[in-house]
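Residue strings, one per chain:
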Amino acid sequence: MPTLRALECLIAVLDSGSVTEAAARLHLSQPALSHQIAALERELGTPVLERLPRGVRATAAGRAIAADARAAVAAAERVVAGGRAVAAGATGQLRIACADSMSASLLAPVLRVWHRRRPEVRLTLSELSSADAMAEMVAIGTADLALGPRPSRWEGHLVVIGTEEIVAVLPDAGKPPAAMTLADVAERPVVHYHPDNGLGAWLDEVAAGRGVALTAATRTRQATTAAQLAAAGLGTALVPTSALTVTFPGAVRSLRPPLTREVVCLTSTPGDPLVRRFLTDLHRRGVSVPSPIAAQLTARQ
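Residues numbered from 1 in each chain as written. Predicted model: local features only at pLDDT ≥ 70, side-chain atom pairs only at ≥ 80, totals over all residues. Heavy atoms only, no water.

Colleague: I'd like a description of the side chain of Ser-101, backed by residues and values.
Modeller: Topologically, Ser-101 is positioned in the loop between β3 (92–99) and α5 (103–117). With relative accessibility at 6%, the residue Ser-101 sits in the buried group. (Helix = DSSP H or I, 4+ residues; strand = E, 2+ residues; numbered from the N terminus. Buried < 20%, exposed > 50% of the residue type's maximum accessible area, 1.4 Å probe, protein only.)

Colleague: Summarise the pairing of strand β10 (residues 236–240); cite the residues concerned and give the values.
Modeller: Counted residue by residue, β10 has 5 buried out of 5 residues, so it is predominantly covered. Burial of β10 is two-sided: the residues Thr-236, Leu-238 and Pro-240 facing one way and the residues Ala-237 and Val-239 facing the other way are all buried. In terms of strand pairing, strand β6 (residues 157–170) meets β10 through 4 bridges, oriented antiparallel. By the bridge assignment for β10, Val-169 is matched with Ala-237. With 2 bridges joining them, strand β8 (residues 190–193) and β10 adopt parallel strand pairing. (Pairing = 2+ DSSP bridges.)

Colleague: Tell me about the environment of Ala-146, and please be specific about residues and values.
Modeller: One can find Ala-146 in strand β5 (residues 145–149). Using a relative accessible area of 2% as the deciding quantity, one classes Ala-146 as buried. Sequence separation between Ala-146 and Ser-268 is 122 residues, and the spatial gap between their C-alpha atoms is 9.9 Å. With sequence-adjacent residues up to four places away left out, Ala-146 is seen in contact with Ala-97, Met-134, Val-138, Val-264, Cys-265 and Leu-266. (Contact = heavy atoms within 4.5 Å.)

Colleague: Pulling in residues and values, what's your account of the side chain of Glu-164?
Modeller: Note on placement: Glu-164 falls in strand β6. Glu-164 sits in the buried class, given a relative accessible area of 1%. A distance of 2.8 Å separates the side chain of Glu-164 from the side chain of Ser-242, its partner in a polar contact. Beyond its immediate stretch of four places on either side in the chain, Glu-164 contacts Met-102, Pro-240, Thr-241, Ser-242, Leu-259, Thr-260, Arg-261, Val-263 and Val-287. (Polar contact = N/O pair within 3.5 Å; in protein donor to acceptor, adjacent residues only side chain to side chain.)

Colleague: A description of the confidence of the model for the protein should follow, citing residues and the corresponding values.
Modeller: If pLDDT is low for a region, its predicted coordinates should not be looked at in detail. Mean pLDDT over the protein: 88, with 93% of residues reaching 70 or higher. Mean pLDDT across the elements of the protein bottoms out in helix α11 (residues 291–298) (69) and peaks in β5 (95). (pLDDT = per-residue confidence, 0-100.)

Colleague: If you had to explain the packing of helix α1 (residues 4–16) against helix α3 (residues 30–44) to someone new, which residues and values would you point to?
Modeller: How two helices sit against one another is set out by the angle between their axes and by the gap between those axes. Put simply, α1 and α3 touch, their axes get as near as 9 Å, and they point 110° apart. As far as their axial angle goes, α3 and α1 are roughly perpendicular. Contact residues: Arg-5, Ala-6, Leu-7, Cys-9, Leu-10 and Val-13 in α1; Leu-33, Gln-36, Ile-37 and Leu-40 in α3. For the contact of α1 with α3, a count of residues per class yields 8 nonpolar, 1 polar and 1 charged. (Axes fitted to C-alpha atoms, helices over the stretch in contact; angles between N-to-C directions. Parallel < 35°, antiparallel > 145°, perpendicular 65-115°, else oblique. Nonpolar A, V, L, I, M, F, W, Y, C, P; charged D, E, K, R; others polar.)

Colleague: Explain the packing of aromatic side chains to me, and be specific about the residues and the numbers.
Modeller: A full pass over the atoms with the stated rule returns 1 aromatic pair. Ring geometry for Trp-114 and Phe-278: centres 5.1 Å apart, planes at 65°, overall edge-to-face. Of the two residues, Trp-114 sits in helix α5 while Phe-278 sits in helix α10 (residues 273–285), which places them 164 residues apart along the sequence. The ring of Trp-114 carries the charged tip of Arg-118 above its face, separated from the ring centre by 4.3 Å. (Phe/Tyr/Trp six-rings, centres within 6.5 Å; stacked < 30°, edge-to-face > 60°. Lys NZ or Arg CZ within 6 Å of the ring centre and 35° of its normal.)

The structure is reproduced here in structure tokens:
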């Protein structure tokens, strides 16, 4: 198969009409350029240039392949330019999987900055409620990175973004206690999670380790919904602080002892330029609690 260098040499000769000028343009010696042309002619089985007393011109074969040769060289140049743009973080595609409770509070601010600074980078988002499902997407290559709690199984690259607190939320009425135990929560109606939400299974495991059982009065698939249902009076919910908004209308109380979980980012391609930059921005932002929620957590009734 002809090399791109040989096609580039042919185009330079055709454009200049001279082997000498073409060699100078490509910063090659004349023998080196002639070697490339000879290799191309051997590959095709026919001459592509006709040597004249002064200069050269294309043969019928040379004229026939000239357009395709130019297209091939131009395509190669686009490949190089595109690769360099991706390496510089200026273009490309990044497929992100994220825990649904973290999309708004942790991920959206970083996405907003990326959209403003790198408008040519296409960002796609898949929201899930299972850390193991997100890890599977990264493992099979349908997501470039995943942001969420630590999965039960993962052997690839992992970056700890921070730690978030699991809190009890309930209606903002009746002066709820400043802090609650899991036993306190278990004594009340509980807004719990659908079995396909990994948070529910993890909370049941933690509660069992502390000698209590969480009995669901109602169930939902999302932590943000659980918080709103609790604020509406349907029960007490255990939710990560990332699921709470600045304007959350309910009461928020820490658990005693505190209950926390790691927020991590997974990827199987840590060397990819876009992935590396996005991981850096996520790690720099970290995990934060909205100030009104933080004020509730530090308040004493």
